[in-house]
Amino acid sequence: MKREVRSAIQAGAAGFTTSRTRNHQTPDGQPVASRLATWDEVRQLVGVLGELNSGVFEIAGEDTGLNPDRIQDYCNRLKALAVDTGVPVTFGMFSAPKAPDYWRPFFALADETAEAGGRMFIQVHSRPISVLQSFESVTSFDKLPVWCDIRKLSLAEQEAALRNPDMRQKLVQAANQPPQEGTRAVGAEARAANFKWLFPIMDKAVPPYRSVAEIAAERNQDPVETYIELALEKGLKRFFMQPLTNTHEPSTLEMMQHPRSVITFSDSGAHVSQIMDSSLQTHLLSHWVREKEALTLEEAVRQLSFVPASHWRLAGRGLLREGWNADVVIFDPQTVEPQVPELTHDLPAGARRLKQKANGFLATIVNGEVVLRNNDHTGALPGQLLRGPLAGRQQV
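Residues numbered from 1 in each chain as written. Predicted model: local features only at pLDDT ≥ 70, side-chain atom pairs only at ≥ 80, totals over all residues. Heavy atoms only, no water.

### Structural notes on the sheet that holds strand E7 (residues 240-245)
Next up, step 1: If you walk across this open sheet you meet the 3 strands as E5-E7-E6, and the pairing is antiparallel. Whereas interior strands pair on both sides, the edge strands pair on one side only; in this sheet they are strand E5 (129-133) and strand E6 (199-200). (Pairing = 2+ DSSP bridges. Helix = DSSP H or I, 4+ residues; strand = E, 2+ residues; numbered from the N terminus.)

Below, the structure is given as structure tokens:
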């Protein structure tokens, strides 16, 4: 494995990443291969990056829970890894719903690592990390009795069934039964419905959000009935946002403003039909800059350009400077915001994926050529594969 890592870095890989979280498992519930590795194996592989003086190490962290001893042990190992190998270490961090200060020891770790001579930066999000559910994709009720039969039907047949008062009553009753024992959602799977933390996406994809529970109280309805009605209002194409983490806004802002953070923590490329967090940068500009005025426009632009380019050692990128790559995004600060997501079926074999465009972006320029103008592709393809600093060098 060390030979493979060395070969990849020499070919231009940006670094080495691994996972030690129980959220990463196979369809039959077994741990992915990386979770079987010992910590010494991790150290050996990161050591290859250190020997080459190239690349970044990223980790999906261990499940420490809220146990302070386990957190401290894990932090000690991360710090030693960064200091001993000289390799920049990075990971994603968020606030937990039941523990809004969960993130603090890890940011203290980044500072302590820097003081000890190592490098560590933390990837953060600008809003809650959320599952998107809908009748077009998945809901919290898909495995329940009655629901599971309805969800096998076409969208038109589902709509007809949901408009039937007798069937709707059966669905409401089934959804209000106590959850089955031994079931646990993994990763970005939809969780059991907590209607206080389930938000229909109305006409805009930006805050403020109103929960299904709040709307149900106004309508004097069972929340399940409200969920169904809200979906029917949009022909079953309405999305419901189910936050998993980062629900405490003060903590989110504090993490974004930390000098060792970078606002680029999205898993949309992995969970293409479950979450849509690649709009976090647009959300930053619309919510935190324009609406909240918590960050200046200059601070936000720097966080979205120069800061990530620097951390990932992307030479010649992140600034408008003579001789650097002419990559530019032109947007209107007064109108920039993410649009409501949509579901498409344009992957191989018609598989579904979430897509989200944005308002306020006038043009995207890559290597001096306009590739997007008002969200439409121009046909230009001037982009190049990003490679690490060792790519193309003669190896000895």
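Still more ground to cover, so stick around.
### Details of unusual backbone geometry
Next up, step 1: With an omega dihedral of 5°, the bond running from proline 207 to proline 208 counts as a cis peptide bond.
Next up, step 2: Mapped onto the fold, proline 208 is located in the loop between E6 and helix H8 (212-219).
Next up, step 3: In this structure, asparagine 53 is a non-glycine residue whose phi angle is positive, near 55°.
Next up, step 4: By secondary structure assignment, the location of asparagine 53 is in the loop between helix H2 (39-52) and strand E2 (56-60).
Next up, step 5: A positive phi is found at alanine 349, a non-glycine position, where the angle reads about 65°.
Next up, step 6: With respect to the helices and strands, the residue alanine 349 is situated in the loop between strand E11 (342-344) and strand E12 (353-355).
Next up, step 7: Alanine 349 sits in the exposed class, given a relative accessible area of 90%. (Buried < 20%, exposed > 50% of the residue type's maximum accessible area, 1.4 Å probe, protein only.)

### Quick look at the pairing of E7
On a regular strand, each side chain points to the face opposite its neighbour's, so the side chains alternate between the two faces of the sheet.
Next up, step 1: Buried residues dominate E7, accounting for 6 of its 6 residues.
Next up, step 2: Here E5 pairs with E7 via 5 bridges, running antiparallel. What sits directly across from valine 131, in E7, is glutamine 242.
Next up, step 3: Pairing of E6 with E7, which is carried by 2 bridges, proceeds in the antiparallel orientation. In the strand pairing of E7, phenylalanine 199 is matched with methionine 241.

### Section: the packing of helix H3 (residues 68-85) against helix H4 (residues 104-115)
Next up, step 1: For the pair H3 and H4, interaxial distance at closest approach is 10 Å and the crossing angle is 30°. On the basis of their axis angle, the class for H3 and H4 is roughly parallel. Classified by chirality, the crossing of H4 by H3 is right-handed. Residues Ile71, Tyr74, Cys75, Leu78, Lys79, Ala82 and Val83 of H3 lie in contact with H4, whose contacting residues are Pro105, Phe106, Leu109, Glu112 and Thr113.
Next up, step 2: Taken together, the residues of the contact of H3 with H4 sort by class into 9 nonpolar, 1 polar and 2 charged. (Axes fitted to C-alpha atoms, helices over the stretch in contact; angles between N-to-C directions. Parallel < 35°, antiparallel > 145°, perpendicular 65-115°, else oblique. Left-handed = near helix turned anticlockwise from the far one by under 90°. Contact = heavy atoms within 4.5 Å. Nonpolar A, V, L, I, M, F, W, Y, C, P; charged D, E, K, R; others polar.)

### A short note on the packing of aromatic side chains
Next up, step 1: Applying the stated criterion to the full structure yields 17 aromatic pairs.
Next up, step 2: Measuring from ring centre to ring centre gives 6.2 Å for phenylalanine 91 and phenylalanine 106, while their planes differ by 70°; the resulting arrangement is edge-to-face. Of the two residues, phenylalanine 91 sits in strand E3 (residues 89-92) while phenylalanine 106 sits in helix H4, which places them 15 residues apart along the sequence.
Next up, step 3: With a relative accessible area of 3%, phenylalanine 91 lands in the buried category.
Next up, step 4: Judged by centre distance (5.0 Å) and plane angle (80°), the ring pair of phenylalanine 121 and tryptophan 312 falls under edge-to-face. Here tryptophan 312 lies in the loop between helix H13 (306-311) and strand E9 (328-331) and phenylalanine 121 lies in strand E4 (residues 120-124), a separation of 191 residues in the sequence.
Next up, step 5: Three or more aromatic residues link up through ring pairs in this structure, and these residues are Phe135, Phe141, Trp147, Phe195, Tyr227 and Phe240. (Phe/Tyr/Trp six-rings, centres within 6.5 Å; stacked < 30°, edge-to-face > 60°.)

### Quick look at the environment of arginine 302
Next up, step 1: Looking at where arginine 302 falls in the secondary structure, it is placed in helix H12 (residues 297-304).
Next up, step 2: The spacing of arginine 302 and asparagine 194 is 108 residues in sequence and 37 Å in space, taken between C-alpha atoms.

### Regarding the side chain of serine 140
Next up, step 1: Residue position: serine 140 is located in the loop between E5 and helix H5 (147-150).
Next up, step 2: Accessibility expressed as a relative area gives 16% for serine 140, which makes it buried.
Next up, step 3: Reaching out from serine 140, the side chain makes a polar contact with the side chain of glutamine 133 at a distance of 3.0 Å.
Next up, step 4: Among the polar contacts listed, one links the side chain of serine 140 to the backbone oxygen of arginine 191, at a separation of 2.6 Å.
Next up, step 5: Residues in contact with serine 140, not counting those within four places in the same chain, are Gln133, Ala190, Arg191, Ala192, Ala193 and Gln242. (Polar contact = N/O pair within 3.5 Å; in protein donor to acceptor, adjacent residues only side chain to side chain.)

### Overview of the environment of valine 56
Next up, step 1: Position of valine 56 among the secondary structure elements: in strand E2.
Next up, step 2: In the structure, valine 56 is positioned 42 residues away from alanine 14 in sequence and 6.5 Å away in space, judged by C-alpha atoms.

### Observations regarding helix H7 (residues 165-175)
Next up, step 1: Turning to H7, its buried residues number three or more, namely Arg168, Leu171, Val172, Ala174 and Ala175. Along the axis of H7, the buried positions cluster into a sector of 165°, meaning they face one direction only.
Next up, step 2: Contacts made by the buried residues of H7 are with H5, helix H6 (155-162) and helix H9 (223-233). (Arc of directions from axis to C-beta.)

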